[in-house]
Amino acid sequence: LSAELDLLAQKKIKVTGPLTFTGELQAFMPNGEFEKATANLDLSMDKVEINHPGTFVKPKGVPLGAYLELVASKTTFDAKTVKLRLADVVIDSTLSGKMQGETTTIDFKAQSNKVSLAKIAELLPAAQGANLNGFVQLAVSANGPTNKLDYSADVKFNKMMLTHES
């Protein structure tokens, strides 16, 4: 599936260019009853331009997309691979869960690569001229019943520096 985008959101966010969505879905239904489904899905917006004046600019050629591998049954789901990417940022995650009666229990983990803040600043017009340097890395998790979820987040900054001449 592909689409040529030419959108204006909130009267100021311009989104233009080709989006591609590929994937494979399979349902397993022995004896006509649903057993499980599998999905491998890939969204690419690498050739899309996004411009929110003064806030965010993503030129054509800057990676943007998502990838998912999922297996789901009547009572469980397991996304062994969930990958999100924007520019040099890659977030790898996993998500699994089980549904019993009224309770859904999940196990979610996500971790980014070590990201250069200078590279991210290239997408943020407000950060231009600020000489933002250093690295950031993120790890998050959530697990347990969704009504009593335990969660954590770990953000690491390394060699961070911000200077601005005014």
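Scroll up to find the structure.
The rules behind each value
- Residues numbered from 1 in each chain as written.
- Predicted model: local features only at pLDDT ≥ 70, side-chain atom pairs only at ≥ 80, totals over all residues.
- Heavy atoms only, no water.
- Helix = DSSP H or I, 4+ residues; strand = E, 2+ residues; numbered from the N terminus.
- Rg over C-alpha atoms; globule rule 2.2 N^0.38 Å.
- Buried < 20%, exposed > 50% of the residue type's maximum accessible area, 1.4 Å probe, protein only.
- Contact = heavy atoms within 4.5 Å.
- Areas by Shrake-Rupley, 256 points an atom, 1.4 Å probe, with all protein chains shown as cover.
- Lys, Arg positive; Asp, Glu negative; His and termini not counted.
- Charge placed at Lys NZ, Arg CZ, Asp CG, Glu CD.
- Phe/Tyr/Trp six-rings, centres within 6.5 Å; stacked < 30°, edge-to-face > 60°.
- Lys NZ or Arg CZ within 6 Å of the ring centre and 35° of its normal.
- Salt bridge = Lys/Arg side-chain N within 4 Å of Asp/Glu carboxyl O.
- Pairing = 2+ DSSP bridges.
- Core = buried A, V, L, I, M, F, W, Y, C linked by side-chain atoms within 4.5 Å.

Caption draft 1: Up close: the overall build of the protein. For the protein, the helix and strand inventory stands at one helix and 12 strands. Against the 2.2 N^0.38 benchmark of 15 Å for 166 residues, the protein shows a C-alpha radius of gyration of 20 Å, more extended than a compact globule. Along the longest, intermediate and shortest principal axes, the C-alpha atoms of the protein span 70 × 40 × 25 Å. By residue count, 22% of the 166 residues in the protein fall in the buried class. For the protein, restricting intrachain contacts to residue pairs at least 6 apart in sequence, the fraction spanning at least 24 positions comes to 40%. In the form shown here, the protein has an accessible surface area of approximately 11,000 Å², with 57% of it arising from carbon and sulfur atoms. Once the 18 positive and 18 negative side-chain charges of the protein are each reduced to a mean point, those two points are 3 Å apart.

Caption draft 2: Representation of the packing of aromatic side chains. Considering all chains together, one arrives at zero aromatic pairs under this definition. Above the face of the Phe 28 ring, Lys 36 is positioned so that its terminal group lies 5.1 Å from the ring centre. In this arrangement the basic side chain of Lys 114 is found over the ring face of Phe 135, its NZ or CZ atom lying 5.1 Å from the centre.

Caption draft 3: Geometry of the pattern of salt bridges. All told, the structure shown has seven salt bridges when counted by the stated rule. Notably, a salt bridge pairs Glu 49 with Lys 60, separated by 4.0 Å at the nearest N-O pair. With a gap of 11 residues between them, Glu 49 in strand β4 (residues 49-52) and Lys 60 in the loop between β5 (56-58) and β6 (64-73) connect regions that are remote in the sequence. Taking relative accessible area as the criterion, Glu 49 reaches 35% and is therefore assigned partly exposed.

Caption draft 4: Quick look at unusual backbone geometry. The backbone phi angle of Gln 10 is positive, close to 50°, even though this residue is not glycine. On the secondary structure map, Gln 10 appears in the loop between β1 (2-9) and β2 (13-28). What makes Gln 10 exposed here is its relative accessible area of 63%. With phi around 55°, Asn 31 is a residue other than glycine that occupies positive phi space. Among the structural elements, Asn 31 can be located in the loop between β2 and β3 (36-44).

Caption draft 5: Structural detail: the side chain of Ser 93. Position of Ser 93 relative to the elements: it lies in strand β8 (residues 89-100). In this structure, Ser 93 is in contact with Ala 79, Lys 80, Thr 81, Val 82, Phe 108, Lys 109 and Ala 110, ignoring residues within four places of it in sequence.

Caption draft 6: Structural detail: the pairing of strand β12 (residues 150-161). Direction of pairing for strand β11 (residues 133-145) relative to β12: antiparallel, over a ladder of 10 bridges. When the sheet's bridge partners are listed, Ala 142 is paired in β12 with Tyr 151. Once β11 ends, the chain turns through four residues before running back antiparallel as β12.

Caption draft 7: View of the pairing of β1. As paired strands, β1 and β2 are joined by eight bridges and run antiparallel to one another. Each bridged residue has a counterpart across the sheet, and for Asp 6 the counterpart in β2 is Thr 16. The hairpin formed by β1 and β2 contains three residues between the paired strands, and Gln 10 there has a positive phi angle of roughly 50°.

Caption draft 8: Expanded view of the nonpolar core. Among the nonpolar cores identified, the biggest contains eight residues, and these are Leu 5, Ile 13, Val 15, Leu 19, Met 45, Val 48, Ile 50 and Leu 64. Top contributing element to this core by residue count: β2, with three residues. In this view, Leu 19 contacts Leu 1, Ser 2, Ala 3, Leu 5, Leu 43, Ser 44, Met 45 and Val 48; residues no more than four positions away in its chain are not counted. Counting seven residues, the second largest nonpolar core, distinct from the first, contains Val 89, Ala 121, Ala 127 and Leu 132.

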